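Commentary on secondary and tertiary structure
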Amino acid sequence: MTATTASRVPPGRYRFSQVARMEWAKLRTLRSTAWILLILAAGMIGLAILVLSQDSSHWAQMSAANRASFDPTETGFIGLALGQLVMGVLGALVITSEYSSGMIKATFGAIPRRGTVLAAKAAVLGVLVLAAGEVLAFAAFLAGQSVLAAPAPHATLGQSGVLRAVLLAGAYPSLIALMGLGLGAIIRRTAGAVGALVGVIFVLPAISLALPDSVQHTVTRFLPEVIAENSLTAVKPVAYSLSPLAGLGLLGLYAVAALGTGGWLLARRDA
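Predicted model, so just to flag it, every value in this text is computed and none were measured.

The rules behind these values
- Residues numbered from 1 in each chain as written.
- Predicted model: local features only at pLDDT ≥ 70, side-chain atom pairs only at ≥ 80, totals over all residues.
- Heavy atoms only, no water.
- Helix = DSSP H or I, 4+ residues; strand = E, 2+ residues; numbered from the N terminus.
- pLDDT = per-residue confidence, 0-100.
- Contact = heavy atoms within 4.5 Å.
- Salt bridge = Lys/Arg side-chain N within 4 Å of Asp/Glu carboxyl O.
- Buried < 20%, exposed > 50% of the residue type's maximum accessible area, 1.4 Å probe, protein only.
- Phe/Tyr/Trp six-rings, centres within 6.5 Å; stacked < 30°, edge-to-face > 60°.

With respect to the environment of Arg 13
- Relative to the assigned elements, Arg 13 resides in the loop between helix 1 (3-7) and helix 2 (16-29).
- For the pair Arg 13 and Gly 109, spaced 96 residues apart in sequence, the C-alpha to C-alpha distance is 12 Å.

See the structure below:
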């Protein structure tokens, strides 16, 4: 939406589609957007090729147990370990960058319904990252499988669980990005939001290792890292974990909870 068009709309009278177009323009012009998507692409495709080519060349030296548990689908998505973090950063930046620049005051001045602003940001961010994630998931899968040479096994989309794993690998970054956006709306600082996301994704699983086994198995199944790991496997499910679809639904609830809390706080405090 151009400035001329925006000036003709009285404050508070924007339709959701208009707000979404404004948010899309912001996201496109945010310099970090292109860089973060390039990092995601390089991480997912580059690491898939690197790791699977090494597994292929060292297949003869692998133990029988490692060969039996080798999952070419899950191994090819090792780049998501980096990708989930950079997508969380992008999600946080969608709103925290406006707080750091002061632009958020102008945004809320033109669109007083702050929940609408956050919903438009979530819609635009979610669609962009989902589209990019699915394209890169298929690209990483195909690139990784292409470097596997016999006798190392390779996966095909027609094999049981493989297509599901690829689709969920593309959906997972978008849910993490939405969680990052929600945390950004809650904390309003990039460092704080990213720190909170790192705590949820990486620190909590490490802390859970100190718990008794029975408690650990109960708790870890609800953690995003474990949900992602089980969602991407096509050979052997992760023990004591939720089913892939149940895990996807739970991650969606986490994103909705973060965004809902962020929207509630935005409506009750000054910009």
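That covers the picture; the talk isn't over yet.
What about the confidence of the model for the chain?
- In the predicted model, the chain carries a mean pLDDT of 89, and 95% of its residues have values of at least 70.
- Within the model, the stretch residues 1-7 combines pLDDT values under 50 with 6 contacts to residues more than four positions away or in other chains.

Observations concerning the pattern of salt bridges
- Under the defined criterion, the tally for this structure stands at 4 salt bridges.
- Among the salt bridges present, the one from Lys 121 reaches Glu 23, with a minimum N-O distance of 2.8 Å. Of this pair, Lys 121 sits in helix 8 (residues 114-146) while Glu 23 is found in helix 2, placing the two residues 98 residues apart along the sequence. The two residues Lys 121 and Glu 23 agree in class, both being buried.
- We note a salt bridge from Lys 121 to Glu 98, for which the minimum N-O separation is 2.3 Å. With a gap of 23 residues between them, Lys 121 in helix 8 and Glu 98 in helix 6 (residues 80-101) connect regions that are remote in the sequence. Note on accessibility: Lys 121 and Glu 98 belong to one class, buried.
- Beyond isolated ion pairs, a larger network of salt bridges with shared partners links Glu 23, Lys 26, Glu 98 and Lys 121.

Side note on the packing of aromatic side chains
- Summed over all chains, the structure comprises 1 aromatic pair.
- Ring centres of Trp 59 and Phe 70 lie 5.4 Å apart, and the angle between their planes is 70 degrees; on these two criteria the pair is classed as edge-to-face. You can see Trp 59 sitting in the loop between helix 3 (31-57) and helix 4 (64-69) and its partner Phe 70 sitting in the loop between helix 4 and helix 5 (72-75), a full 11 residues away along the chain.

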